[in-house]
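Chain and residue survey
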Amino acid sequence: MATNSTSETRTCDTTGLPVCLTAQLFIKLSAVCAVVFLLLGGVAAILLALTRWQTIHLLPVDWFYRILTFHGLNMLIFWILFFEVAVLYFACTVPLKAKLFSRKVAWVGFIMMLVGAVMVDYIILKGKADVLMTSYLPLLAHPAFYLGIILVAVGTLIGVFNFFATLYVAKRDKTYEGSVPLVTFGATAAAIIAVVTLLHGAIVMIPTFTFAMGWTPEPDPMWYRTIWWGLGHQSQQVNVCAMVAIWYLVGYLATGAKPINETVCRGAFVLYILFINLASAHHLLVDPAVGATWKIWNTSYAMYLAVLASMIHGFTVPASVEMAMRYKGYTKGLFGWVTKLPWRNPAFSAAVLSVVIFGFIGGITGVTLGTQQINIIAHNTLRITGHFHATVVGGTSLAFMGLTYYVIPLIFQRDFIGKGWARIQPWLFGGGILMVSLGMSFAGSLGVPRRDYDIEPAGVYGASSHLFLGIMGVGAIIAVLALLIFVLLCVGTLLFGKKNAGRPIYDWGTAVALPGADESKVDAHWGMKGTIALTAVFLMCFAVYYFANWKALADVWPVQ
Amino acid sequence: MSLTVPEKGWYKAPEGAEKLWIGLALVWCMVMSVMMPYWHFRGKQNSRGEAYSVEPAAFMERTMTFVESGTVGDWNGIPIVEPPPGGEAYLAARMWSWYPALKLRKGETYRLHLSALDLNHGFSLQPLNMNFQVLPGYDHVLTITPTSTGEFTIVCNEFCGIGHDKMIGKIFVE
């Protein structure tokens, strides 16, 4: 390992960039914790899917809701937050050639997060917090449950503070010239949204904790829902930002793609910061006490300006990859470049699947279900769960998994074992999640509720509901198997992977320029013809699904 | 490159296909923005969130008065109550039942009062798949007009404890 005179950084043997060793340590610690919580959440996932698949109906009723609480917190909060801290610590140091602001602050944040997460998991498994992830008051859990969540939130905030302080010091010491790289910019957007999100968490969890201790009166249940979703939905928007930053990063690593217009990409991130925090309204669209005007304004993120941001990224990411391929000489027809993409690179295939599943399934369903009136035929059904398994799992988790195929060789300095398994893992996981998401969505369209142990007592759900729950179950088995492959590959590589210090990392597969490629033959502004066609198809799918739902709504009883 | 600082002069307006896409996306966003207010004036299914503050005990009292005034039958030990056309109907949600069952007439409009006596509950009318949130302390009023006849099942779709999946109610429409 090459180290400089102060021994605080090493030079990366692949990129030549200086890697801050303190940042590297906490990227490693956070990534390891993230993967452990992913595994816990994955075990819970298969138990839940095999219970809701009524033919198997595995768990007893109390354990079903217990494991459901466990699954939500480990997947949506712990896996994702730990991974995001790793992404933040990377984005503020390596691309800026900067050192992490403080090792002590990083330790404090990390330990608080870990203690909090362990506390929450312990108290759930003890059966003292069967309140599901949302813990809607007047449901009440053991005070340690809320305290654990507060610790995780504050620990994350401390990590975010370390990120901002690092940015400040890097700027002050001029470790880089001009503006920050796009990946750092995206991570900064994620960090800003995280601050707003975690403050909502503190505002709602602290009075709930003091109520659980018997010190203060019970907060209003509607107030709780309103503020809790400021935590619950916004935290998913942190994921969106981090995921999009990873799309750009992997596009660059695998094909050398660079943004067509930096202003557009950055502007889209700014739209996220400004408008995405209104999304808590998505969960209150059929609630009492918040009026139609409030619902419409907030659920549309003002006027869908955050959706606009996602649609912009949905164009610029594939367009930048297509342009990179065309510059390399793959100019045949609309889609000639597609077959030449580095499909064998698991980070790349994961990113592509993430874009497609997030956009076509997650995005379209999310905007439609979050339409104020359409929510009447979707609220609290499995359609909602179908939507967010496409965004958070098929989108974010898959992108995070993909990035890990670079994180381990670059940061842990070990080449992967089982490379063949790694190459198929994103496809298995993406395919499984697609089945989960579609199975849930169709069952939800038939009225099957989410968070429900048994649909038989209602006596209204027929054979097709059971069929879709079965599809969900089979999909879950495939996805969890792929998750296990991922965890085994990561752990196996950390234990047995060949050390790669002193040489560049194993090349997963990158797009190579054809001899005689001529960049000047590609139109810089209209050259991305394949992307134009794909986004046109996307917009048509969006419009069809959107208006089909208005039609379905028009068929139910009039209600005001 | 997304991992290195952008070249100088990166701040510039979008051009070509990118500009076109941003324009198209913005137009689509505006269409979706207009649809919701439009539906409030022209559409028949809206969630206005009309609600009044009410203590659970007071709501139960109103429900009991409603039950006494119009019981017309019995469903599994739960009274079936028929409100007058155009009148008020009360439906109390509690662990783990909907009280009472309702009998409504097709084409008539009712003001349906929903509230919970203990926890959050979810009013999910099947097989229509119409869903509304029910909270303790809030009298959530739906102005509703049945347009089909038959037996409809109310499923609870907000987690409310161990008996959640067995919390079933009925609305009969003639």
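Every value quoted in this text rests on a predicted model; they were computed, and no experiment measured them.

With respect to the helices and strands, A:Asp454 occurs in the loop between helix 14 (419-445) and helix 15 (463-496). The buried charged residue A:Asp454 lacks any salt bridge, with B:Lys166 as its nearest oppositely charged partner at 5.4 Å. Among the polar contacts listed, one links the side chain of A:Asp454 to the side chain of A:Gln54, at a separation of 2.9 Å. Side-chain polar atoms of A:Asp454 contact the backbone nitrogen of A:Glu456, separated by 3.0 Å.

Glancing now at the packing of aromatic side chains. All names here are of chain A. Considering all chains together, one arrives at 43 aromatic pairs over all chains under this definition. For the cation-ring pair, Arg66 lies above Trp63, with the distance from its terminal atom to the ring centre recorded as 4.7 Å. Geometry around Tyr506 places Lys419 over its ring, the cationic atom sitting 4.5 Å from the centre.

What follows is about the interface of chain A and chain B. It is common to report an interface's size as the accessible area lost on association of the parts. Counting from both sides, the interface comprises 97 residues of chain A and, opposite them, 78 residues of chain B. With both chains or domains summed, chain A and chain B bury close to 7900 Å², and 68% of this area falls on carbon and sulfur atoms. Looking only at chain A, the three residues that lose the most surface to chain B are A:Trp557, A:Pro558 and A:Gln560, adding up to 13% of its buried area. In this structure, the salt-bridge partner of A:Arg451 is B:Glu158, at a minimum N-O distance of 3.6 Å. Counting residues per element, the side of chain A that touches chain B draws most heavily on helix 16 (residues 529-554) of chain A, at 11 residues. Here the side of chain A that touches chain B is built from residues that sort into 65 nonpolar, 19 polar and 13 charged.

On the surface, A:Trp297, A:Met303, B:Leu26 and B:Met30 cluster together to form a nonpolar patch covering roughly 350 Å² of accessible area. By the element assignment, A:Met303 lies in helix 10 (residues 301-327).

Turning to the domain arrangement of chain B, a few remarks are in order. What the domain assignment reports for chain B is domain 1 (11-45) and domain 2 (51-173). Distance from the C-alpha centre of domain 1 of chain B to the C-alpha centre of domain 2 of chain B: 38 Å.

In this chain, B:Met95 is followed by B:Trp96 through a cis amide linkage whose omega measures -10°. Mapped onto the elements, B:Trp96 comes out in the loop between strand 4 (88-94) and strand 5 (97-99). The peptide bond linking B:Tyr99 to B:Pro100 adopts the cis configuration, its omega dihedral lying at -10°. For B:Pro100, the location among the structural elements is in the loop between strand 5 and strand 6 (101-104). Phi at A:Gln413 takes a positive value of approximately 55°, unusual for a residue other than glycine. The topology assignment puts A:Gln413 in the loop between helix 13 (382-412) and strand 3 (414-415).

Glancing now at the sheet that holds strand 10 (residues 138-144) of chain B. Residue and element names in this part refer to chain B. In space, the 5 strands of this open sheet follow the order 1-10-7-4-5, with mixed pairing throughout. Strand pairing shows two members of the sheet lacking a second neighbour, strand 1 (51-53) and strand 5, which therefore form its edges. Averaged over all neighbouring strand pairs, the angle between strand axes comes to 25°, with direction disregarded. Direction of pairing for strand 4 relative to strand 7 (residues 110-116): parallel, over a ladder of 6 bridges. Following the sheet pairing, Tyr90 is matched in strand 7 by His113. Packing of helix 2 (residues 56-70) onto the sheet brings it into contact with strand 4, strand 5, strand 7 and strand 10, and relative to strand 4 it is tilted by some 130°.

With that out of the way, let us pick up the pairing of strand 11 (residues 150-156) of chain B. Residues and elements named next belong to chain B. Counting buried positions along strand 11 yields 5 of 7 residues, so the element is predominantly enclosed. Relative to strand 11, strand 8 (residues 121-126) runs antiparallel, the two being bridged by 4 bridges. Counterpart to Phe123 in the pairing with strand 11 is Cys156. Sheet topology places strand 11 next to strand 12 (residues 168-173); 6 bridges connect them, and they run antiparallel. Following the sheet pairing, Thr153 is matched in strand 12 by Lys170.

Before going further, it helps to examine the pairing of strand 6 of chain B. Residues and elements named next belong to chain B. The alternating pattern of strand 6 places Ala101 and Lys103 on one face and Leu102 and Leu104 on the opposite face, and all of these are buried. By the bridge criterion, 2 bridges tie strand 3 (residues 78-81) to strand 6 in an arrangement that is parallel. Residue pairing in the sheet places Val81 in a bridge with Leu102 of strand 6. Sheet topology note: the strand 6/strand 12 ladder contains 3 bridges and is parallel. Counted as the bridge partner of Lys103 is Phe172 from strand 12.

The next point concerns the packing of helix 7 (residues 234-255) of chain A against helix 12 (residues 346-369) of chain A. Residues and elements named next belong to chain A. For the pair helix 7 and helix 12, interaxial distance at closest approach is 9 Å and the crossing angle is 140°. With respect to each other, helix 7 and helix 12 are oriented oblique. Two packed elements cross with a definite hand, and for helix 7 against helix 12 that hand is left-handed. For the pair helix 7 and helix 12, contact is made by Val240, Met243, Trp247, Val250, Ala254 and Thr255 and by Ala347, Phe348, Ala351, Ser354, Val355 and Phe358, respectively.

Next up on the list: the confidence of the model for chain A. This prediction gives chain A a mean pLDDT of 93; 99% of its residues lie at or above 70. Here residues 1-6 of chain A scores under 50 on pLDDT; set against residues more than four positions off or in separate chains, the count is 8 contacts.

Reading the values: the criteria
Residues numbered from 1 in each chain as written. Chains lettered and ligands numbered in written order. Predicted model: local features only at pLDDT ≥ 70, side-chain atom pairs only at ≥ 80, totals over all residues. Heavy atoms only, no water. Helix = DSSP H or I, 4+ residues; strand = E, 2+ residues; numbered from the N terminus. Buried < 20%, exposed > 50% of the residue type's maximum accessible area, 1.4 Å probe, protein only. Lys, Arg positive; Asp, Glu negative; His and termini not counted. Salt bridge = Lys/Arg side-chain N within 4 Å of Asp/Glu carboxyl O. Polar contact = N/O pair within 3.5 Å; in protein donor to acceptor, adjacent residues only side chain to side chain. Phe/Tyr/Trp six-rings, centres within 6.5 Å; stacked < 30°, edge-to-face > 60°. Lys NZ or Arg CZ within 6 Å of the ring centre and 35° of its normal. Contact = heavy atoms within 4.5 Å. Buried area = accessible area lost by both parts, 1.4 Å probe. Nonpolar A, V, L, I, M, F, W, Y, C, P; charged D, E, K, R; others polar. Patch = residues over 30% accessible without salt bridge, like charges linked within 9 Å, V, L, I, M, F, W, Y side chains within 5 Å. Areas by Shrake-Rupley, 256 points an atom, 1.4 Å probe, with all protein chains shown as cover. Domains from an automatic or database assignment. Pairing = 2+ DSSP bridges. Axes fitted to C-alpha atoms, helices over the stretch in contact; angles between N-to-C directions. Parallel < 35°, antiparallel > 145°, perpendicular 65-115°, else oblique. Left-handed = near helix turned anticlockwise from the far one by under 90°. pLDDT = per-residue confidence, 0-100.

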